[in-house]
Amino acid sequence: MTTQVTIIGGGLAGTEAAWQIASRGIPVRLFEMRPTRGTEAHLTDRLAELVCSNSMGSTLPDRALGILKNEMLAMGSMVIQTAFEHALPAGSALAVSRDDFAQAITETIYGHPNIEVMRAEITAIPAGPTIVATGPLTSPDLTAQIQALTGQSYLYFYDAMAPIVTAESIDMSIAFRQSRYDRESDLGGDEGDYINCPLNKEEYEAFVHALLDAPKIELKAPDKELERYFEGCMPVEVLAGRGIQSLAFGPMRPIGLTDPRTGRRPYAVVQLRQDNIAATLYNMVGFQTNLRWGAQADVLRLIPGLQEAEFVRLGQMHRNTFINSPTLLNPTLQFRTRPDLFFAGQITGTEGYVGSTMGGLVAGINVGRLLTNQPLLELPPTSMMGALLHYITHAEPQNFQPMKANMGLLPDLRQRVRGKQQRYAAYAERAQTDHTAYLERMKFEPTVSAIKSPA
Ligand SMILES: Cc1cc2nc3c(=O)[nH]c(=O)nc-3n(C[C@H](O)[C@H](O)[C@H](O)COP(=O)(O)OP(=O)(O)OC[C@H]3O[C@@H](n4cnc5c(N)ncnc54)[C@H](O)[C@@H]3O)c2cc1C
């Protein structure tokens with residue numbers, strides 16, 4: 001009888017891993033604790049629920065997330081394929097209808113004859129081939145077990161999430177649709193994919209002061225930990241505290257936009273991005289916040305166009321749990337002292353939806369190869385997948401923090417290339433060449449035919 005693989009966590013990494021293993025003919029037991037036990041951020045019992053933004057980042061072939069997604073598609077990523085099948089107009093980004101996306105993955109997993117889904121919390125790591133993919137909100141009991149296994153104090157910090165409003169509650173006599181520089185949507189949108197709420201100087205300054213004065217939710221964590229906010233997901237009120245102009249140069253920057261009422265660039269804008277396929281919900285781009293909920297709605301309603309906003313979700317902060325991968329994992333995602341134990345997803349420090357899914361893809365494929373006596377994949381660091389895996393397994397352990405895919409992870413080019421655009425194109429070309437050559441050399445075959453991204 002073929003050995004069964006246990007996967008703990010039915011999120012992005014866990015479902016991708018389960019599908020990869022099952023599609024190679026190996027039976028999988030996938031444990032997901034929801035709805036028996038919830039997390040601070042998940043709202044449904046669906047597998048692969050997106051807990052915050054509905055964007056999976058750029059589809060451009062010379063951007064970090066574009067390169068990463070293309071490499072994953074070439075390796076047959078079920079999750080990324082499903083995302084493209086449920087894409088919404090979002091300029092050159094891949095935004096998905098979150099409910100349809102999670103529902104489709106849930107059905108794919110439940111429909112697979114080699115996967116058995118168990119709705120239960122796992123509190124101890126089992127024997128036998130196992131993948132831990134319990135994400136940034138790993139349940140406390142399992143967290144304690146992982147801490148005991150790793151023999152280290154557990155690492156965590158805090159992230160924040162953005163509010164979502166109903167489209168019909170946005171005042172479109174003030175707000176206007178436009179993408180920055182009127183960029184056409186790669187996914188077929190014919191008018192601006194974003195809704196922009198314009199602010200003049202007085203409105204902007206009043207808003208920033210209200211943000212700073214509003215009460216915040218106290219977090220039960222040492223100040224030192226809270227100071228380690230993840231730079232890419234900093235709460236707006238923290239950013240605002242860095243100086244009156246910080247937001248106008250950050251998430252509220254008005255560049256590339258013209259207010260049709262004035263014919264001029266607004267002083268600042270709040271951008272909203274479509275969040276579901278019916279276009280009834282919009283999320284506030286870059287507006288993650290930890291203001292108290294009552295006060296939060298009042299402050300956000302100071303934004304012109306959102307005076308009557310109906311919030312279906314308010315912003316909040318959450319725990320972000322991850323292991324010290326540089327001391328614990330190989331680039332194959334194997335636990336160094338137990339080769340049939342793998343970790344995947346955000347818990348390894350691969351930050352973001354796509355990076356987390358990538359871990360599931362690699363761990364799933366590698367478990368399959370381990371059980372069929374094939375050499376495990378260790379992707380070249382010149383590819384985006386390999387670079388991210390290399391980073392989490394070779395970074396300085398003392399200061400290790402989760403990392404998103406980014407161009408800075410790629411090793412320097414052999415020859416100097418002038419101009420950022422040309423340089424990015426050269427990195428992207430090398431990544432694709434090396435990734436393809438490596439997979440050929442390893443005789444790797446995806447279990448589904450690769451699809452092309454629209455970019
Ligand atoms: C609130 C929040 C907002 C985020 N916002 C974004 C964003 O906007 N964009 C972005 O790119 N990334 C975001 N991230 C980061 C990251 O991309 C997501 O958390 C992503 O879902 C991670 O994928 P994962 O598979 O590692 O974990 P998850 O998708 O969280 O999956 C882990 C699963 O394991 C289950 N689980 C946990 N413990 C147990 C247990 N003991 N037994 C059984 N099941 C268990 C959980 O219920 C969950 O379903 C956010 C994270 C959080 C927490």
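By convention here, each chain's residues receive numbers from 1 onward along its written sequence. Restriction of local features to residues with pLDDT of at least 70 applies here, the model being predicted, together with a cutoff of 80 or more for giving and counting side-chain atom pairs; totals for whole chains, interfaces and linings are based on all residues. Remark: hydrogens and water are excluded; side-chain values derive from all non-hydrogen atoms of the structure.

**What to know about the overall build of the protein**
- Scanning the protein from terminus to terminus reveals 13 helices and 17 strands.
- Computation of the radius of gyration draws on C-alpha atoms alone. For the globule rule, the value is 2.2 Å times the number of residues to the power 0.38. For 455 residues, the compact-globule formula gives about 23 Å, and the C-alpha radius of gyration of the protein, at 22 Å, lands near that figure.
- The principal-axis extent of the C-alpha atoms belonging to the protein is close to 70 × 45 × 40 Å.
- Per-residue burial for the protein yields a buried fraction of 57% across its 455 residues.
- Working rule for contacts: check all heavy atoms of both residues, and any pair within 4.5 Å makes them a contact. Across the protein, contacts joining residues at least 24 apart in sequence account for 71% of those joining residues at least 6 apart.
- Approximately 19100 Å² of the protein is accessible, and the part contributed by carbon and sulfur atoms is 50%.
- Working convention for charge: Lys and Arg count positive, Asp and Glu count negative, and His plus the chain ends are omitted. A charged residue contributes its charge at one atom only: NZ of Lys, CZ of Arg, CG of Asp or CD of Glu. Distance between charge centroids for the protein: 6 Å, based on 40 positive and 47 negative side chains. The helix and strand labels rest on DSSP assignments: H or I over at least four residues marks a helix, E over at least two residues marks a strand, and numbering proceeds from the N terminus. Residue burial is assigned from relative accessible area. The probe radius is 1.4 Å, only protein chains are included, and a residue is buried under 20% of its type maximum, exposed over 50%, and partly exposed in between. Every accessible area reported is derived by Shrake-Rupley at a probe size of 1.4 Å, with residue values counting cover from the shown protein chains alone.

**With respect to the sheet that holds strand β17 (residues 338-343)**
- At least two DSSP bridges between two strands are needed for those strands to be called paired. Pairing in this open sheet of six strands is mixed, and the strands run β6-β2-β1-β7-β17-β16 from one edge to the other. At either margin of the open sheet sits one strand with a lone partner, and together these are β6 (115-118) and β16 (334-335).
- Contacts from helix α11 (residues 353-371) reach β1 (5-8), β7 (130-132), β16 and β17, with the element oriented near 160° to β17. Geometry is summarised by axes, namely lines fitted to C-alpha atoms with helices restricted to the contacting stretch, and by angles between N-to-C directions that run from 0 to 180 degrees.

**Overview of the pairing of strand β13 (residues 281-284)**
- When strand β9 (residues 164-166) meets β13, the two strands line up antiparallel, connected through three bridges. Across the sheet, residue T166 finds its bridge partner in β13, namely L281.
- Pairing of strand β12 (residues 268-274) with β13, which is carried by three bridges, proceeds in the antiparallel orientation. Residue pairing for β13: Q274 is matched across the bridge by Y282.

**Quick word on the packing of helix α3 (residues 78-85) against helix α4 (residues 98-111)**
- Interhelical geometry of α3 versus α4 gives an angle of 135° and a closest axis separation of 9 Å. Looking at the two axes, α3 sits oblique to α4. Between α3 and α4 lies a crossing of right-handed hand. Mapping the contact onto sequence places M78, V79, T82 and A83 in α3 and F101, A104, I105, T108 and I109 in α4.
- When residue character is reported, Ala, Val, Leu, Ile, Met, Phe, Trp, Tyr, Cys and Pro are called nonpolar, Asp, Glu, Lys and Arg charged, and the others, Gly included, polar. Counted by class, the contact of α3 with α4 contains seven nonpolar, two polar and no charged residues. Angle categories: roughly parallel below 35 degrees, roughly antiparallel above 145, roughly perpendicular from 65 to 115, and oblique for all the rest. Left-handed describes a crossing whose near helix is turned anticlockwise from the far helix through less than a right angle; right-handed describes the clockwise counterpart.

**Structural notes on helix α5 (residues 140-150)**
- Three or more residues of α5 are buried, namely L142, T143, I146 and T150. Buried residues of α5, seen end-on, are gathered within an arc of 105° and therefore sit on one face of the element.
- Taken together, the buried residues of α5 touch β1, β7, β15 (316-322), α10 (325-328), β16 and β17.
- Residue G151 follows α5 closely and has a positive phi angle near 65°. Throughout, the arc means that of the directions going from the helix axis to the C-beta atoms.

**Details of the domain arrangement of the protein**
- For the protein, the assigned domains read domain 1 (5-154 + 323-441) and domain 2 (160-319).
- Boundary definitions for the domains trace back to an automatic or database domain assignment. One C-alpha centre belongs to domain 1, the other to domain 2, and the line joining them spans 29 Å.
- Every contact between the two is made by 28 residues of domain 1 and, on the other side, 21 residues of domain 2.
- Two parts placed together each lose some accessible area; with a 1.4 Å probe, that loss summed over both constitutes the buried area. Taken over both partners, the interface formed by domain 1 and domain 2 buries close to 2100 Å², and the fraction arising from carbon and sulfur atoms is 49%.
- Salt bridge criterion: a side-chain nitrogen from Lys or Arg within 4 Å of a carboxyl oxygen from Asp or Glu. Summed over the shared surface of domain 1 and domain 2, the result is one salt bridge.
- Residues D275 and R98 are paired through a salt bridge, measuring 2.7 Å at the closest nitrogen-oxygen approach.
- Each polar contact in these results corresponds to two N or O atoms within 3.5 Å; when the atoms are within protein, one needs to be able to donate a hydrogen and the other to accept it, and residues that are neighboring in sequence are counted only if both atoms are side-chain atoms. The interface formed by domain 1 and domain 2 includes eight residue pairs in polar contact (both at pLDDT 80 or more).

**Some words on the side chain of T348**
- Mapped onto the fold, T348 is located in the loop between β17 and α11.
- Assessed through its relative accessible area of 1%, T348 is described here as buried.
- Ignoring anything within four residues of it in the chain, the contact list for T348 reads I323, S325, L329, L333, F343, I392 and F400.

**A few points about the nonpolar core**
- Counting 91 residues, the largest nonpolar core has F101, I109 and I131 as the members making the most contacts within it.
- Among all residues touching I131, those that are not within four sequence positions of it are T6, I7, I8, A17, I21, F342, A344, A363, G364 and V367. To qualify as a nonpolar core, a set must consist of buried Ala, Val, Leu, Ile, Met, Phe, Trp, Tyr and Cys residues joined through side-chain atoms within 4.5 Å.

**Focus on the environment of Y424**
- Tracing the chain through its elements places Y424 in helix α13 (residues 420-441).
- For Y424, the residues in contact, after removing those within four places along its chain, are D62, R63 and M407.

**A look at the site of the ligand**
- Near the ligand, the surroundings consist of 35 residues, among which E32, H318, Q346, G352 and Y353 are the closest.
- The contact in question runs from an oxygen atom of the ligand to an N or O atom on the backbone of A13, over 2.9 Å.
- S53 has a polar backbone atom sitting 3.1 Å from an oxygen atom of the ligand.
- Against a free-state accessible area of 970 Å², the protein chains account for coverage of 96% of the ligand. Here, proximity means that at least one heavy atom of the residue falls within 4 Å of the molecule or strand.

**Points about the pattern of salt bridges**
- Inspection of the entire model under this criterion finds 10 salt bridges.
- Between R63 and D62 there is a salt bridge, with the nearest N and O atoms lying 3.2 Å from each other.
- Exposure remark for R63: the relative accessible area of 33% places this residue in the partly exposed category.
- With relative accessibility at 19%, the residue D62 sits in the buried group.

**Quick word on the packing of aromatic side chains**
- Stacked, tilted and edge-to-face are the three classes assigned to paired rings of Phe, Tyr and Trp, where Trp is represented by its six-membered ring and a pair needs centres within 6.5 Å; plane angles under 30 degrees give stacked, over 60 edge-to-face, the rest tilted. Counting across every chain of the model gives five aromatic pairs.
- Ring centres of Y391 and F400 lie 6.1 Å apart, and the angle between their planes is 35°; this geometry places the pair in the tilted category.
- The class for F400 is buried, based on a relative accessible area of 1%.

**A look at α4**
- A helix is expected to reach a length of 1.5 Å times the quantity of its residues less one. Across its 14 residues, α4 extends 20 Å between first and last C-alpha, which sits within 8% of the 20 Å expected from 1.5 Å per residue.
- Along α4, the residues classified as buried are R98, F101, A102, A104, I105, T106 and I109.

**A word on unusual backbone geometry**
- The peptide bond linking R34 to P35 adopts the cis configuration, its omega dihedral lying at 0°.
- Tracing the backbone through its elements, the reader meets P35 in the loop between β2 (28-31) and β3 (55-58).
- If you check the backbone angles, L333 has positive phi at about 75° while not being a glycine.
- Positionally, L333 belongs in the loop between α10 and β16.
- Given the relative accessible area of 1%, L333 is considered buried.
- For N373, which is not a glycine, the phi torsion comes out positive at approximately 55°.
- Mapped onto the fold, N373 is located in the loop between α11 and α12 (384-394).
- The class of N373 is exposed, set by a relative accessible area of 72%.

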